[in-house]
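Residues per chain are reported as follows:
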Amino acid sequence: MTITALLGPTNTGKTHQAIERMLEHRTGMMGLPLRLLAREVYDRVSTQVGEAQVALVTGEEKRVPPRPRYWVCTVEAMPIRNEVDFLAVDEIQLAAHPERGHVFTERLLSARGLVETWFMGAETMRDAMKELVPTATIRNSPRLSTLRGVSPSTLASLPKRSAVVAFSLTRVFELADRLRTRRGGAAVVIGALSPRARNAQVALYQAKEVDFLVATDAIGMGLNLDIDHVAFADMRKFDGRIARDLDPAELAQIAGRAGRYVKDGTFGTIAPLPELPLELRRAIEGHRFASVRNLQWRNADLAYESLEDLLASLRRPSTVRRLKRAERALDEEVLAALAEQPEVLRLARGEANLRLLWAACSIPDYRQLLFEEHVALVGRVFAELATRGRLARSDVEEELDRIERSTSDLETLMDRIASIRTWNFVAHQGGWVDGAEAVRERARKIEDDLSDALHDALVTRFVERGRPVRAASIPKAAPSRPKNGAPPAPQSDPHAAGASPFAKLATLRASLRRVEPDRVDDEEMVSVEAMIEAGFEQFGVDEHGHISFEGRRVAKLVAGRSVYQPDVVVSLELDAGAKLRLTRRLVAWSRDLVHEIVGAVTDLEELGSNARGLVHLITSGLGTVLVREARTQLDALDARDEERLIAAGLVRGRVALYLPSALKPAVVTKRAALLSAVLGLNPPRKAPQGARLVPRWPLEGERSLAPSRDVPLEAYAAVGYPVIGKRAIRADLIERIVHRLLAEDASEDEETVGTKVASWIGCRASEAAEIVELLKAAMGA
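Throughout this description, residue numbers start from 1 for each chain and increase along the sequence as written. The model is predicted, so local features are restricted to residues of pLDDT at least 70 and side-chain atom pairs to those at 80 or more, both for listing and for counting; the totals for chains, interfaces and linings are taken over all residues. Side-chain metrics in this entry use all non-hydrogen atoms of the structure; hydrogen atoms and water are not considered.

**Overview of the overall build of the protein chain**
And step 1. In this description a helix means any DSSP run of H or I spanning at least four residues, a strand means any run of E spanning at least two, and both kinds are numbered starting from the N terminus. On a plain count of helices and strands, the protein chain comes out with 27 helices and 28 strands.
And step 2. For each residue, the accessible area found with a 1.4 Å probe, counting protein chains only, is set against the maximum for its type, and the residue is called buried under 20%, exposed over 50%, and partly exposed in between. Burial analysis of the protein chain (781 residues in total) assigns 53% to the buried set.
And step 3. Accessible area for the protein chain stands at about 34800 Å²; split by element, carbon and sulfur atoms hold 51% of it. The protein chains shown are the only cover counted for residues, whose accessible areas, like all others here, come from Shrake-Rupley with a 1.4 Å probe.

Have a look at this one:
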């Protein structure tokens, strides 16, 4: 087992390298510092391998398919007991964070992959890594572009594609307001946004519908945005305890968001703040900072004999000088406060209840209210769990009702999202809530609705009235006529002059609600968010590669890196950000499509090199490969590997190897779709320039067909119909013919055999006779 520390400043591609390395292994797990970043990495990984192979695990969201190979998690939520070949933790310098650091330190000291482990972070961790993980290989990762400090700007002179950074909600809103007035508007990114609202705001900025972004230090943790300049409006922040100056390394983490990949970036301040001191500017430009001296640590070997023993074990000091006992962890502070309450003391007896109490203390304080209010919430949850075993669904539903009914001004929406995140977290803890699945689904729906409303409110408040902001939806159809024949009710025009973006979005959403399910057609609006969140089975594809959602075409498969790695072109008129997100979702869906076809063999682990080569050929053939093309691998195939492949469903015939499950009519259609993606870019030889090839694919249940003249023969094999003579024949029927020929009754003449074959595959007797002769020749060879 090898350990690698990949250290360097921002924009060095550390996370990207780790993702690529993880995908080289059969299984892997990656811990990220933020829920938002975990979702971004999940999107990237699932786009490459499909959602069926990737789990997303955070405190508030769990998407775990039946057999995931890769786990993308927040650091706190990593299921460390799951054994994986590759394990990585990002932003490992957060081990020095006063409140969360002990979790990162625990991962650094004990989390390991079976084959390989990576820790990515700042160069300031080099000394700590050498001391605490002496077997690690430390690699430096240089920045891909130059970062340069510049003189202060005003909001009026701020260059486009700038991010303005402040450290309180009040300041963020104030600056966004001023940018709306002076420069047309801004998107807003703060840690309190849900992933859905954050993605919508980022899409607004990435699509250049606004030229500015106002953010907190939430943008400092690896979120990839096209930022050319970072402008600090504040240099001090309240860290939950005190207001303090940001240290140079913190400033660099944020400033480093400027300039992505090989494009250079700049940073500076916003007047009236003075110019950054020369020494500080040079330190940020050269990425030179003091090493991290102490990491936060907390004893993980806890005692559950009594509440006093539990507290004492948490407070046990480290014997390693570099490890400083964590003193500001919220969960420990909540436990200490609850230990003063008589009701908690009465219930917190026995190991089971003590473990339950400690688990309840892990509920995050998303609401950021008074500490006493959070303690009261945790105490209430624990008391209910300790006395009833579970939270009553009716009680949790009552909390959700209260959140759903609240007023909807901007600040209240933020509070409501924080509250729903709390109950989402509670509902995702195993066995805490009666009817947890229904509660989770409702909480997710409320969070989605609140997120949409929050995005609308942010656009309304911080984007100049009349500035075009396209809705992320299919354009709506004309209103349907009532059943009594009366003319349709008048609708407000969301594109009328002076209409606010909020009005546009609200009108479009309202139109969606008015559509009757049986009257939907291609022109009516479908929420992009609904498609992004939809399950695999909610999409369909025809034999020509057109992808549909709920019966409406939304995209098309097109040629990609290979037949099993197609690209997707979205056919809807959307803004760039929404189109990019939907494209990512559908590319991930296409990887799941391939997995559905060949997953029976690609999921096999620990195969030898020849078997892996054979699996690659089967994957490239979408479930079918001709024996002559796999002769090298078959001749050297290990007997044990062959048994495993056969047990997985592979049939080794005399002419072809095939997966019977991939010959079902519905699956053949999906194989044809993937082939159409490749062939759709190749015009027929005699077609007009620019014309697209429309091949003739097997109809449902068709046993054989005459192949299209301009379609490569290999394409028919890849849909499960290898070409023999003048017919493309389903692979299992070819083997039936071969089996009949091997067991041929000498009393039957060639004409009788030909007649039988013709009836099996549905062709003329003359064609069948030719097929028989060709198969006999192949068998003789």
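**Quick word on the nonpolar core**
And step 1. Counting residues in hydrophobic clusters, the biggest one holds 71 residues, and the most contacted among them are Leu335, Leu357, Trp432 and Leu454.
And step 2. Here this core gets ten residues from one element, more than from any other, and that element is helix α15 (residues 410–427).
And step 3. In this analysis, two residues are considered to be in contact whenever any of their non-hydrogen atoms come within 4.5 Å of each other. Setting aside chain neighbours within four positions, we find tryptophan 432 in contact with Leu356, Ala359, Ala360, Ile363, Val381, Leu385, Arg390, Leu391 and Val426.
And step 4. For the purposes of this section, nonpolar cores are sets of buried Ala, Val, Leu, Ile, Met, Phe, Trp, Tyr and Cys residues that join through side-chain atoms within 4.5 Å. Core analysis: the next-biggest nonpolar cluster, separate from the first, contains 61 residues, Val528, Phe549, Val554 and Ala718 among them.

**So, the environment of glutamate 537**
And step 1. Assignment of secondary structure puts glutamate 537 in the loop between α18 (528–533) and β19 (539–541).
And step 2. Between the C-alpha atoms of glutamate 537 and phenylalanine 549, which are twelve residues apart in sequence, the distance is 9.5 Å.

**Observations concerning a nonpolar patch on the surface**
And step 1. Taken together, the side chains of Leu144, Tyr261 and Val262 present a nonpolar region at the surface, about 320 Å² in accessible area.
And step 2. Tracing the sequence through the fold places leucine 144 in the loop between β8 (137–140) and β9 (147–149). Residues enter a patch when their relative accessible area is above 30% and they make no salt bridge; the linking distance is 9 Å between like charges and 5 Å between nonpolar side chains (Val, Leu, Ile, Met, Phe, Trp, Tyr). In what follows, salt bridge is the name for a side-chain nitrogen of Lys or Arg lying within 4 Å of a carboxyl oxygen of Asp or Glu.

**Some remarks on α15**
And step 1. In a helix, the anticipated span is given by 1.5 Å times the number of residues less one. Between its terminal C-alpha atoms α15 stretches 26 Å, which fits the 26 Å expected from 18 residues at 1.5 Å a residue.
And step 2. Among the 18 residues in α15, 16 count as buried, and that is most of the element.

**Quick word on the pairing of strand β16 (residues 265–269)**
And step 1. Within β16, five of the five residues are buried, which leaves the element mostly enclosed by the surrounding structure.
And step 2. Across the two faces of β16 the burial is the same, with Gly265, Phe267 and Thr269 and Thr266 and Gly268 all buried.
And step 3. Examined bridge by bridge, β9 and β16 share three bridges and lie parallel to one another. Bridge pairing links glycine 149 to phenylalanine 267 in β16.
And step 4. In this description, strands pair whenever DSSP reports at least two bridges between them. Sheet topology places strand β13 (residues 229–232) next to β16; four bridges connect them, and they run parallel. Its bridge partner being in β16, valine 230 is matched across the sheet by phenylalanine 267.

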